[in-house]
Amino acid sequence: MTVPLTKGAAEKPTTDWWAEIKSFAWLILAVLAVWSFIAKPFYIPSESMMPTLIKGDRLVVTKYPYGWSYVSPAPMHLLPFIHGRLFGRLPERGDVVILKPPEANSDYIKRVVALPGDRIAVREGVIILNGVPIKRVQEKPAMIPIDDNVPCSSPAEAPFQTTGPDGKRYCALPRFRETLPNGVSYDTIDLGYMPGGPDDFPEITIPDGQVFVMGDNRDESADSRVSQSQEGLGGPIPWENLGGRAEFISFSYDGSTQYFNPLTWISALRGGRAGTSLRPHRDTPAR
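Spatial ordering of the open sheet is given by S7-S6-S5-S12, a layout of four strands whose pairing is antiparallel. Across the chains shown, the open sheet's two edge strands, defined by having one partner strand only, are strand S7 (132-133) and strand S12 (201-205).

Printed below as a string of structure tokens:
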């Protein structure tokens, strides 16, 4: 004798695809909201901020320290230029910031060195701020390990390849410690004076609502010293173009990862960089 199945036993549960789509959409919106207004990850794609940052570093960038502007919405820059910032305030000299170039939709990362009203010039690689050369002291070379992300193979860098006491290959780049008038200090790379290049910049006064930024790798950075025709910023940039402040390195890859080999996701991690703070170090009290 066959016992008929009840309706509940016979039917298989069905997936409510519309509910699943709505849940996924809300998740995406939540991530975009966090990236736009609180913090977002950032990848270092170049060597313009060595030795502070090297290609392959992953950072956390906070979006709120300077308020929010038209460049804040993530992940793409879709809005036209809009004057002003919501709850805005200027960065401090020495802050590492992400920014949108005036004539491009990409993101750059640089260091703020001059604020509105400052007079700035660069003479033979030395920053002259308000008529006074900033303190600049040569240190031991920056020993940056050579790997797939930092091959140290450009014509300017190749002469600095060396083998360390541990038998590993390094890029031993000339390093200088700079200290701004507010006491913020940081390391820079200077490969030597290059006449006619960014080592010389005529004095200008920073207009209201703008900031002057430079890369720590002074000879390989397209920043405020470099014309827009050379992919630089062409001078000071509006503070509205600041997208946030770099806080710390979350992790770093040496460039040897293989997408379909998860083991390389671990082996390619650089040791000793995770957790490195990017907030300016003060050698002396601010004044």
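Don't stop here, the text continues.
The next thing to look at is the nonpolar core. Counting 14 residues, the largest nonpolar core has Val113, Ile120, Ile127 and Phe212 as the members making the most contacts within it. Elements with a contribution of two residues or more to this core: strand S4 (108-114), strand S5 (119-123), strand S6 (126-129), strand S11 (184-189) and strand S13 (210-214). Filtering out sequence-adjacent residues up to four positions away, Ile120 remains in contact with Val113, Ala114, Ile127, Ile128, Leu129, Pro202, Glu203, Ile204, Ile206 and Phe212. Core analysis: the next-biggest nonpolar cluster, separate from the first, contains twelve residues, Leu59, Val61, Val96 and Ile109 among them.

Its place among the elements puts His77 in the loop between strand S2 (57-62) and strand S3 (96-99). Classification of His77 as buried rests on a relative accessible area of 14%. Within the structure, His77 has its side chain in polar contact with the side chain of Asp107 (distance 2.8 Å). When neighbours within four sequence positions are excluded, His77 is seen to be in contact with Val71, Lys100, Asn105, Ser106 and Asp107.

One open sheet holds the seven strands; their spatial order is S1-S2-S15-S3-S4-S13-S14, and the pairing between them is antiparallel. With partners counted over all chains shown, the strands left at the sheet margins are strand S1 (39-43) and strand S14 (237-238), one partner each. Both S2 and strand S15 (residues 242-252) contribute to a ladder of six bridges, which runs antiparallel. Within S15, the position partnered with Leu59 by the bridge is Ile249.

A contiguous nonpolar surface patch, about 360 Å² in accessible area, is contributed by Phe24, Leu27, Ile28 and Val31. Take Leu27: it is sitting in helix H2 (residues 17-37).

Throughout the structure, instances matching the rule amount to one disulfide. Paired by a disulfide, Cys152 and Cys171 hold their sulfur atoms 1.9 Å apart. Given an S-S torsion of about 65°, the disulfide between Cys152 and Cys171 has right-handed geometry. Taken together, the residues span a long stretch of sequence, with Cys152 in the loop between strand S8 (135-145) and strand S9 (161-163) and Cys171 in strand S10 (residues 169-179) at a distance of 19 residues. This pair shows no difference in class: Cys152 is buried, exactly as Cys171 is.

A few words now on the pairing of S5. Sheet topology note: the S5/S12 ladder contains three bridges and is antiparallel. Within S12, the residue paired with Arg119 across the bridge is Thr205. In this structure, S5 lies alongside S6, joined through four bridges in antiparallel fashion. Across the sheet, residue Arg123 finds its bridge partner in S6, namely Val126. Between the antiparallel neighbours S5 and S6 lie two residues, among them Glu124 with a positive phi of about 50°.

The subject of this paragraph is the packing of aromatic side chains. Applying the stated criterion across every chain yields a total of six aromatic pairs. Their ring planes at 65° and their centres at 6.3 Å tell us that Phe37 and Trp68 sit as a pair that is edge-to-face. Linking Phe37 in helix H2 with Trp68 in the loop between S2 and S3, this pair joins segments that are 31 residues apart in sequence. Under the relative-accessibility criterion, Trp68 is labelled partly exposed at 22%. Geometrically, the ring pair formed by Tyr259 and Phe260 is edge-to-face, given 5.0 Å between the ring centres and 90° between the ring planes. Residue classification places Tyr259 among the exposed residues on the basis of a relative accessible area of 67%. Directly above the aromatic system of Trp239 lies the positively charged group of Arg85, at a separation of 5.9 Å from the ring centroid.

Thresholds applied
Residues numbered from 1 in each chain as written. Predicted model: local features only at pLDDT ≥ 70, side-chain atom pairs only at ≥ 80, totals over all residues. Heavy atoms only, no water. Pairing = 2+ DSSP bridges. Helix = DSSP H or I, 4+ residues; strand = E, 2+ residues; numbered from the N terminus. Core = buried A, V, L, I, M, F, W, Y, C linked by side-chain atoms within 4.5 Å. Buried < 20%, exposed > 50% of the residue type's maximum accessible area, 1.4 Å probe, protein only. Contact = heavy atoms within 4.5 Å. Polar contact = N/O pair within 3.5 Å; in protein donor to acceptor, adjacent residues only side chain to side chain. Patch = residues over 30% accessible without salt bridge, like charges linked within 9 Å, V, L, I, M, F, W, Y side chains within 5 Å. Areas by Shrake-Rupley, 256 points an atom, 1.4 Å probe, with all protein chains shown as cover. Salt bridge = Lys/Arg side-chain N within 4 Å of Asp/Glu carboxyl O. Disulfide = S-S within 2.5 Å. Phe/Tyr/Trp six-rings, centres within 6.5 Å; stacked < 30°, edge-to-face > 60°. Lys NZ or Arg CZ within 6 Å of the ring centre and 35° of its normal.

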